[in-house]
Amino acid sequence: MNAKKTKPVVVIVGGGIAGISTSYFLAAQGIKCIVIEKDSLGSHASGFAYGGLNPIAGTGIEGPIGLIAREGMKLHQQLNKSLQLTTGIDTEYQLKPTLSLAFNTYEEQILKRNLNWQTQQDGFEVGWIDNSETLKMESRISNHIIGATYTQGTAEVEPYKFLIALAHASEQLGTQIRHGKVTGLLTSNNEVNGILLENGEIKCDHVVFAMGPWSSHITQWLEIPLNIRPLKGQIIRLRIPGKHFRYSIGWSKNYTTTKPDGLIWAGTTEEDSGFDENPTTHGRDDIMTSLLKM
């Protein structure tokens, strides 16, 4: 009689949204997972992101990445209900239409060109609206715009609450979440079979690297060159008088919306500044300039 085959143990390095969601879906299949995070869950980009969910806009979306993005949107719709039932945590998922602004003919051409395939995507209503139509929808938008793309079917979520809900649900399914710093890998016969920590080691069957820009450390551990570096983006949160924005408003790489906490969230910058996560007056001023322009 054959011995009962034990299920594999997977170590996931990184406690951001990629690592925690990986542990959740693996644990749901009965696979034992151990998440290792050197800081605290969601303490970097994952816990401070904007949380906009628009799977039919953005760099690389028209193509294979778009298929992944739209599948991700379906998962958010499912998790919105299941996570709150199992953890009691409200991830603040909500449908919110998007207005993407154009201030000149070049920006107008780009938005209109994207309409050719955006209008073919199931679950979304997309169309071009002119200056007067846009200002009827939101009078605080600049009257210098030519027009905007209106998209219905987009949504947003509160990133930190979403991550914590996934972490709780993952632990309920048997995942262990541990604090520690990975310093290397255990290997045998050209296979990885564990990880080295500053204060010990963990044997496992598989390792998942979900380290974001810190994935460059893998170069040292596996002698595989990875050209990965951080890109810093800042967000400001404001309290302003007047009604909440009913739409997520975007222009170029900039965006703003009113979150359920009543604050205006606005961003963003793109800074090649290494691992410096400190907010700057320069970043604040850039975001405010874009916000006032919109």
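The structure contained in this document is the topic of the report that follows. It should be emphasised that the depicted structure is a prediction, and the values quoted were computed from it without experimental measurement.

## Points about unusual backbone geometry
Omega for the bond connecting Gly-267 with Thr-268 falls within 30 degrees of zero, at 5 degrees, which places this linkage in the cis form. Within the secondary structure, Thr-268 is located in the loop between strand 17 (264-267) and helix 8 (281-293). Phi at Ser-252 is positive, roughly 55 degrees, even though this residue is not glycine. On the secondary structure map, Ser-252 appears in the loop between strand 15 (248-251) and strand 16 (254-258). Given the relative accessible area of 66%, Ser-252 is considered exposed.

## As for the environment of His-179
Relative to the assigned elements, His-179 resides in strand 9 (residues 176-179). Residue class for His-179 comes out exposed when judged on its relative accessible area of 63%. C-alpha separation for the pair His-179 and Ile-110, spaced 69 residues apart in sequence, amounts to 46 Å. Ignoring anything within four residues of it in the chain, the contact list for His-179 reads Glu-37, Lys-38 and Asp-39. A distance of 3.4 Å separates a polar side-chain atom of His-179 from the backbone oxygen of Asp-39.

Calculation criteria
Residues numbered from 1 in each chain as written. Predicted model: local features only at pLDDT ≥ 70, side-chain atom pairs only at ≥ 80, totals over all residues. Heavy atoms only, no water. Helix = DSSP H or I, 4+ residues; strand = E, 2+ residues; numbered from the N terminus. Buried < 20%, exposed > 50% of the residue type's maximum accessible area, 1.4 Å probe, protein only. Contact = heavy atoms within 4.5 Å. Polar contact = N/O pair within 3.5 Å; in protein donor to acceptor, adjacent residues only side chain to side chain.

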